[in-house]
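Architecture and fold: a report
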Amino acid sequence: MAENKSKYDRQLRIWGEQGQAALERANICLLNCGPTGSEALKNLVLGGIGSFTVVDGSKVDVADLGNNFLVDTESIGQSKAKCVCAFLQELNDAVGAKFVEESPEALLETNPAFFSQFSLIIATQLAENVVLKLDRICRQQNVILVIARSYGLTGLVRISLKEHDVVESKPEHSREDLKLHKPWPELKRSVDDFDIDTEDSVIHKNIPYVVLLIKLAEEWRNMHDGMLPSTKEEQNQFRDLVRSKRRSSDEENYKEAWAASVSLWDPPGISSDLRNIIEDSSADVNSNSSDFWVLVAALKEFIANEGEGEAPLEGSIPDMTSLTEYYIILQKIYQEKAEADFLSFERRVRSILKNIGRDLDSIPSASIKSFCRNARKLRVLRYRSLEDEFSSPLTAELQRYLGDEDKRELDEDVSRLKTIGVGLLNDMGCVGANLSEDLISEMCRFGASELHCVAAFVGGIASQEVIKLITKQFIPISGTFIFNGIDHKSQQLAL
């Protein structure tokens, strides 16, 4: 384990030991090991997945040397799956490696049960009818499917599974969980011990902004019938009140209080996203429910009872201008409250497990604590099947990607492709939609080639999403990611 900590030090700082352990348990299958698939799998092998299997029935030819760094001149004429597998193992010999010298299309026909052994399948450069069949099989066997394809200067990545639950979503922008609008008794008593009007300049400039805001919010309530600022005018007046208490320009704590004052008038209670999760029908649990939904059921009970409409406290506080002793006092109060919330939440989890006939210890305390700490940021993603997407796409989303640009003379291939494309759009309900003729011309010019620079980018996106799915951290894409290297644009469409 010490060796792994050294080898994977940088990424452990991002997804932690729990995330790395999930990666090391993962068994991944790659279908077709051209440049797009090889680049995706290379990133995962370097990241330390447990094992992988490469499925490809083709041989290495001279053209592969121009876009796939995992084959060389000595590989020409040999099994592409075998050569790529060997090169990948050189990158990380701790990862188990296998290869199957058979085309994915043939394997789907002869042995569909083969795919049930994997945690996740990365399917690259497959035709539509093959992908649809693979998607049906993966959904039946509860195997995650990630589809990736590069085509000249364009590419796409698509995730397909029934449901993906994220506990550690780690949003880029999230307000600290400080409960400034509703301090509990222990926090209130500690805050009351501070005198923000002290004559001691050292103490005055080192009172934590949490204390300042709770004190000033109480002062505001006393002057406004117990109400916090609600209108824009009142919010500006409260900020002026904070500013008026500042005595000198070097009092950073008052600057922090001014910046954080917005958290006082955030709507109380839980977010609409979390409300939708706890009110989901899956929260009515039984013995077959997943651990995630059992925990959601317990969260729903906690919010309605001990939480008084709020999720459990996270327990961490941000860095702030403060004397060390003041910061430690605050930190301890928040940690003790978070621990009390966790214990109450854990009791509800154990009670629900008993009621549905499951072992009371079937969900480890560590998992319950992680869920409790991240309860405000839970996410549930559900994906349409590819068959549904193809047969009844969301036309409004599809229209977003269609442009009407300057026309130019079309050659025979472009004319044929445009006819086919317009026909498909009409079948999907996008009657009268315009297709950019420049785009059609470029698609014909690409000739289904995989350019290494684009394949590396698309493969990188695919491997990034695989890591999110396996670790259950961060939020994966919820639709089809499309990269347009012609215009240097990318977008995500919920088709």
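Quantities reported herein were computed from a predicted structural model and do not represent experimental measurements.

The secondary structure content of the chain amounts to 20 helices and 10 strands. Dimensions of the chain, computed from C-alpha atoms along their principal axes, come out at roughly 85 × 60 × 45 Å. When contacts within the chain are restricted to residue pairs at least 6 apart in sequence, long-range pairs at least 24 apart make up 70% of them. As presented, the chain carries roughly 24200 Å² of accessible surface, and 49% of it is formed by carbon and sulfur atoms. Positive and negative charge centroids in the chain, built from 57 and 78 side chains respectively, lie 3 Å apart.

The next subject is the sheet that holds strand S4 (residues 120-124). The mixed open sheet is built from eight strands, whose spatial order is S3-S2-S1-S4-S5-S6-S9-S10. Both edges of this open sheet fall to strand S3 (96-100) and strand S10 (489-493), since each of them pairs with a single strand only. Here the strands of the sheet are splayed against their neighbours by 15 degrees on average, with no regard to which way each runs. Sheet strands in contact with helix H4 (residues 80-91) are strand S2 (51-55) and S3, and its direction is about 170 degrees off that of S3.

The next subject is the environment of isoleucine 144. With respect to the secondary-structure elements, isoleucine 144 resides in strand S5 (residues 144-151). On the accessibility criterion, isoleucine 144 (15% relative accessible area) is buried. In this view, isoleucine 144 contacts Ser119, Leu120, Ile121, Ser160, Leu161 and Leu469; residues no more than four positions away in its chain are not counted.

It is worth spelling out the packing of aromatic side chains at this point. Per the counting criterion, the structure on display carries 11 aromatic pairs. Taking the centre distance of 5.0 Å and the plane angle of 85 degrees together, the rings of tryptophan 184 and tyrosine 334 count as edge-to-face. With tryptophan 184 in the loop between strand S7 (163-166) and helix H7 (185-192) and tyrosine 334 in helix H14 (residues 324-355), the pair connects residues that are 150 residues apart, well separated along the chain. In this structure tryptophan 184 comes out as buried when scored by relative accessible area, which is 8%. The buried category is assigned to tyrosine 334, whose relative accessible area is 0%.

With that out of the way, let us pick up the environment of serine 190. Within the element layout of this structure, serine 190 appears in helix H7. Sequence separation between serine 190 and asparagine 142 is 48 residues, and the spatial gap between their C-alpha atoms is 51 Å. Look past the residues within four positions of serine 190 in its chain and what remains in contact with it is Ile329 and Ile333.

Turning our attention to the nonpolar core. For soluble globular proteins, nonpolar side chains are generally found buried alongside one another. Counting residues in each nonpolar core, the largest one holds 45 residues, and the members touching the most others are Ile28, Leu41, Ile49, Phe52, Leu120, Val146 and Val157. With eight residues, the top contributor of residues to this core is helix H20 (residues 452-471). Not counting residues up to four positions away in its chain, the partners in contact with leucine 41 are Ile28, Leu30, Ile49, Phe52, Val54 and Leu88. If you look at the next biggest cluster of nonpolar residues, it comprises 34 residues, including Leu180, Leu213, Ala257 and Trp265.

On to the layout of surface pockets, then. Size it by volume and the second largest pocket reaches roughly 1100 Å³. For the second largest pocket, the lining is made up of 36 residues, of which His164, Asp165, Ser290, Phe292 and Lys472 are closest to its centre. Those elements that provide at least two residues to the lining of the second largest pocket are helix H2 (9-25), helix H6 (128-140), S7, helix H13 (291-304), helix H15 (365-373) and H20. Tallying contributions element by element places H2 first for the lining of the second largest pocket, with five residues.

It is worth spelling out H6 at this point. When the terminal C-alpha atoms of H6 are compared, their 19 Å separation across 13 residues agrees well with the 18 Å that a helix rising 1.5 Å per residue should span. Val130, Val131, Leu132, Leu134, Asp135, Ile137, Cys138 and Arg139 are the residues of H6 that are buried. Check the buried side of H6 and you find it contacts strand S1 (27-31), helix H5 (104-110), S4, S5, strand S6 (154-160) and helix H16 (386-391). A positive phi of about 55 degrees marks asparagine 142, the residue just after H6.

Attention shifts here to the environment of glycine 485. Inspection of the secondary structure assignment puts glycine 485 in the loop between strand S9 (480-484) and S10. Residue class for glycine 485 comes out buried when judged on its relative accessible area of 12%. Measuring from C-alpha to C-alpha, the distance between glycine 485 and threonine 154 comes to 5.5 Å, with 331 residues separating the pair along the chain.

For the rest of this paragraph, the subject is the packing of helix H10 (residues 232-244) against helix H11 (residues 252-260). In the contact formed by H10 and H11, the axes pass within 9 Å of each other and the chain directions differ by 175 degrees. The angle between H10 and H11 falls in the class roughly antiparallel. In this structure, H10 uses Arg239, Val242 and Arg243 to contact H11, whose residues at the interface are Tyr254, Ala257 and Trp258. Tallied by class, residues from the contact of H10 with H11 come to four nonpolar, no polar and two charged.

Reading the values: the criteria
Residues numbered from 1 in each chain as written. Predicted model: local features only at pLDDT ≥ 70, side-chain atom pairs only at ≥ 80, totals over all residues. Heavy atoms only, no water. Helix = DSSP H or I, 4+ residues; strand = E, 2+ residues; numbered from the N terminus. Contact = heavy atoms within 4.5 Å. Areas by Shrake-Rupley, 256 points an atom, 1.4 Å probe, with all protein chains shown as cover. Lys, Arg positive; Asp, Glu negative; His and termini not counted. Charge placed at Lys NZ, Arg CZ, Asp CG, Glu CD. Pairing = 2+ DSSP bridges. Axes fitted to C-alpha atoms, helices over the stretch in contact; angles between N-to-C directions. Buried < 20%, exposed > 50% of the residue type's maximum accessible area, 1.4 Å probe, protein only. Phe/Tyr/Trp six-rings, centres within 6.5 Å; stacked < 30°, edge-to-face > 60°. Core = buried A, V, L, I, M, F, W, Y, C linked by side-chain atoms within 4.5 Å. 1 Å grid on protein atoms, 1.4 Å probe; cavity = no way out; pocket = protein on both sides within 12 Å on 5 of 7 lines; lining within 4 Å. Points joined across faces, edges and corners; volume = space filled by probe spheres on them. Expected span 1.5 Å × (residues − 1). Parallel < 35°, antiparallel > 145°, perpendicular 65-115°, else oblique. Nonpolar A, V, L, I, M, F, W, Y, C, P; charged D, E, K, R; others polar.

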